[in-house]
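The chain contents come next:
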Amino acid sequence: MDKAVRGLLRRTGSKRMILKATRLLAAIVFAGWLMIWIVRPTKTYQNQWSPQLLSETDSTYFGRQGTNILIYTFPILFISVLGCIYLHLVQRTDNSQSGSSTHRLAAWKRPVVVNWPLGIVSGIELTFCVMFLLLLIWFYTMYLVVYFSNSHHSHSEDTGEKLQLWQTRLDGAGIRLALLGDLCCAFLFFPVIRGSSLLPLVGLTSESSIRYHVWLGHITLAVFSAHGVCYIVFWAATNKIDEMLKWDNTGIANVPGEMAILAGLIMWATTFPRIRRKMFELFFYTHQLYIAFLFFYMLHVGVSHFCVILPGVYLFMVDRYLRFLQSRAKVRLVSARLLPSESIELNFAKSPGLAFEPLSVVFINVPGVSSLQWHPFTVSSSSRLEPELLSVIIKKEGSWTQKLCRTLSSPVPQERLDVSVEGPYGPVSKNFLRYDSLILVSGGSGITPFISIIRELIYRRTTLNRPTPAVLLICAFKTSADLTMLDLLLPVSGNISDLSGLDLRIEAFVTREKSATDDAQNNIQTIWFKPLPSDVPIAPVLGPNGWLWLAAIVSSSFVAFLVLISILQRCYIYPIDHNTNKVFSYSSRSVLNVLFICICIMAAASAAVLWNKRENSKQEKQIQNIDAPTPTTSPGSRFYNADRELESVPQDSLVKATKVHFGGRPPLKKMLLEFDGSNVGVMASGPRGMRHEVATICSSGLADNLHFESISFSW
């Protein structure tokens with residue numbers, strides 16, 4: 001027995017060493033990549049290092065494109081593959097970490113900014129934002145200093161013709177603005193890669209990072225717009241306004257640059273919060289112009305220069321194509337639970353091999369409601385407690401959800417609903433298990449992410465018999481009918497006794513009623529569907545449920561791309577151009593490179609998905625039909641009363657410990673500051689004002705035991 005324990009400890013210690021080494025290597029490579037950006041505007045780099053790099057990497061197989069691939073593209077893709085390996089190893093261990101790391105970073109994780117337009121920003125986030133802004137300032141300022149120190153005579157950088165000094169400096173400043181835009185673009189796509197290994201490697205999720213994409217997008221388009229304005233003024237001042245209509249065969253092509261800025265400005269105009277919230281469909285459709293922006297941007301600068309920002313674009317294309325493949329399938333919708341609070345719980349069949357963590361998100365498309373719209377919803381189920389089901393809760397609010405509710409509650413029988421799903425996407429680890437106690441604060445449908453946490457705790461307590469944190473759930477609802485949301489703390493097959501093992505206390509507040517009404521006596525109604533044999537369970541996403549597969553797709557597709565462009569360069573372009581970059585069309589080269597990238601990604605990703613689909617089909621046969629219970633209502637009715645219902649008397653609701661308060665909002669400051677516990681995790685989900693209030697209380701310094709865990713709702 002002692003030998004077995006010692007062997008287990010040795011294996012565990014070895015795995016931890018491998019994880020630390022992998023993460024350290026990724027950090028070193030990233031630091032080197034970042035250092036290239038830092039030194040790039042310096043005189044030493046421009047006059048010494050850059051010419052030497054070009055001379056040593058300017059081969060007949062890649063040309064000057066090889067230099068940028070080597071120092072800008074390869075390091076990030078290498079980190080991505082390394083991150084996949086790291087996350088694969090993490091999944092093989094218990095990822096519920098101890099609270100030691102939480103204590104070390106507690107001060108840095110506290111919210112330091114809690115207001116518009118930044119929202120809730122922690123000390124770590126603010127530090128990195130300031131560092132990135134300093135990088136932008138350094139990058140542009142140093143470029144200008146080096147350029148102005150060398151521009152004693154007035155000549156254009158491109159044509160060499162004589163100009164006035166201010167015109168020369170305007171020309172130089174405009175070019176440096178474009179280079180600054182390159183730096184912003186290099187980071188722009190990282191936050192929106194839903195299945196990427198880069199974000200989990202540093203403890204982030206795509207949803208929580210969307211705001212970084214928003215901030216970077218504003219900066220990028222502002223910089224590129226300033227670049228465009230500089231050149232319009234420059235051309236007008238030098239009587240060369242006709243330059244706007246030039247599309248040179250080699251070098252910078254002006255017309256594609258103008259088209260890229262135009263596409264960017266249209267996108268930018270619809271991204272501001274007021275427009276995005278009131279006209280989301282307009283925002284969604286115009287945002288697809290990012291394809292035109294990137295394509296014309298590449299035609300403007302040439303594919304060799306485009307490789308500077310290629311890593312983020314490449315990983316985004318891999319992720320987008322994998323999402324496309326997943327979204328083509330029609331998933332098996334098993335049942336729907338209709339609540340008196342005008343909320344719906346949709347229950348989908350899923351492959352037993354699909355695992356996800358609490359707080360994960362799926363994107364849902366219902367062609368019967370809208371064939372183009374995809375809407376994100378938090379997963380309310382636990383993949384461990386319900387290995388064959390995935391559930392989401394939808395609140396009737398916008399036009400899309402209203403139409404869905406009408407479809408499901410229609411008196412006309414609905415035996416099947418066409419649904420497609422992307423995801424789930426979410427955190428890699430269960431951070432909430434680091435705490436001794438949890439305070440979960442929700443408003444309205446904001447209780448949804450906490451349902452998944454409580455179901456996960458039920459599994460750990462009842463099935464694994466492991467200790468779980470004590471939980472205080474503070475939930476606010478508008479009406480007593482909304483109290484039926486509490487019934488969803490348990491899955492369809494759950495039992496009230498499952499909650500008895502948890503140290504759970506629920507404080508429910510009904511804000512718009514003074515006492516319970518008859519609406520609280522309404523039962524939850526369940527619809528059981530009859531899926532088609534062609535409907536499939538939700539399958540694992542390559543990446544979150546197959547990191548090694550994602551590593552194989554990224555690495556194999558990139559190697560294939562390198563092989564194709566080397567053949568193109570050596571056998572076709574080099575005999576014509578001889579690496580002068582003055583003969584062969586930049587646009588033709590760019591289009592061929594895009595074609596090769598698409599072919600390589602589609603081939604590698606399709607092969608991986610088809611292989612996994614064949615493996616998943618074996619599991620699908622086991623859950624081809626989930627038996628539906630016989631309705632208990634009269635013949636002809638498709639509704640039946642759920643075997644549980646929320647009682648009208650508050651003290652007899654879901655659990656005896658539940659307490660319902662009428663006619664007021666929860667006194668959050670009093671409840672949080674008076675909570676007894678040395679290591680308390682606090683989460684807030686719901687209206688922005690409520691989340692900001694909770695974050696402010698936790699960051700006030702009045703209670704050192706409260707640790708705010710931010711939940712993002714950017715999607």
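About the thresholds
- Residues numbered from 1 in each chain as written.
- Predicted model: local features only at pLDDT ≥ 70, side-chain atom pairs only at ≥ 80, totals over all residues.
- Heavy atoms only, no water.
- Helix = DSSP H or I, 4+ residues; strand = E, 2+ residues; numbered from the N terminus.
- Buried < 20%, exposed > 50% of the residue type's maximum accessible area, 1.4 Å probe, protein only.
- Contact = heavy atoms within 4.5 Å.
- Areas by Shrake-Rupley, 256 points an atom, 1.4 Å probe, with all protein chains shown as cover.
- Pairing = 2+ DSSP bridges.
- Axes fitted to C-alpha atoms, helices over the stretch in contact; angles between N-to-C directions.
- Core = buried A, V, L, I, M, F, W, Y, C linked by side-chain atoms within 4.5 Å.
- Salt bridge = Lys/Arg side-chain N within 4 Å of Asp/Glu carboxyl O.

## Quick look at the overall build of the protein
- Tallying secondary structure elements over the protein gives 21 helices and 16 strands in all.
- Relative to its 715 residues, the protein shows a buried fraction of 52%.
- When contacts within the protein are restricted to residue pairs at least 6 apart in sequence, long-range pairs at least 24 apart make up 79% of them.
- Accessible surface computed for the protein: about 32700 Å², of which carbon and sulfur atoms make up 61%.

## What to know about the sheet that holds strand E14 (residues 659–662)
- Read from one edge to the other, the open sheet built from 6 strands follows the order E14-E11-E10-E9-E15-E16, with strand pairing classed as parallel. Both edges of this open sheet fall to E14 and strand E16 (706–708), since each of them pairs with a single strand only. Neighbour-to-neighbour, the strand axes of this sheet turn through a mean angle of 20°, independent of strand direction.
- Where strand E9 (residues 437–443) lies against strand E15 (residues 680–685), 6 bridges are found, and the strand directions are parallel. Bridged to Val 441 within E15 is Ala 684.
- Packed onto the sheet, helix H17 (residues 448–462) meets E9, strand E10 (470–477), strand E11 (504–510) and E15 and runs at close to 140° relative to E15.
- With respect to the sheet, helix H21 (residues 688–699) is in contact with E9, E10, E15 and E16, its orientation differing from that of E15 by roughly 160°.

## What about the nonpolar core?
- In this structure, Phe 293 and Ile 309 are the most contacted members of the largest nonpolar core, which totals 96 residues.
- Leave out the neighbours within four places in its chain, and Ile 309 touches Asp 182, Cys 185, Ala 186, Leu 294 and Tyr 297.
- Among the nonpolar cores identified, the runner-up in size contains 33 residues, and Ile 458, Leu 486, Leu 489 and Val 510 belong to it.

## Here we look at the pattern of salt bridges
- Tallied over the full model, the rule gives 16 salt bridges.
- The partner of Arg 416 in a salt bridge is Asp 535, and the shortest N-O contact between them spans 2.8 Å. Placement of Arg 416 in the loop between helix H16 (399–409) and strand E8 (420–425) and of Asp 535 in the loop between strand E12 (525–528) and helix H18 (547–577) is noted, with a sequence separation of 119 residues between them.
- With relative accessibility at 23%, the residue Arg 416 sits in the partly exposed group.
- On the basis of relative accessibility, which here comes to 2%, the residue Asp 535 falls in the buried class.
- The network of salt bridges with shared partners includes Arg 194, Asp 319, Arg 323 and Glu 422.

## Remarks on the sheet that holds strand E6 (residues 375–378)
- An order of E6-E5-E8 is seen for the 3 strands of this open sheet, with the pairing classed as antiparallel. What marks the edges here is a single partner per strand, and that holds for E6 and E8. For this sheet, the mean angle separating the axes of adjacent strands, direction not counted, is 25°.
- As judged from the 4 bridges shared by strand E5 (residues 361–365) and E8, these two strands associate in the antiparallel manner. Counterpart to Ile 364 in the pairing with E8 is Val 421.

## What about the pairing of E11?
- Among the 7 residues of E11, 6 are classified as buried, and the element is accordingly described as predominantly covered.
- When E10 meets E11, the two strands line up parallel, connected through 7 bridges. Paired with Ala 476 across the bridge in E11 is Phe 509.
- Examined bridge by bridge, E11 and E14 share 4 bridges and lie parallel to one another. The residue of E14 that forms the bridge with Ala 508 is Val 660.

By themselves, these observations are geometric and do not establish any function.
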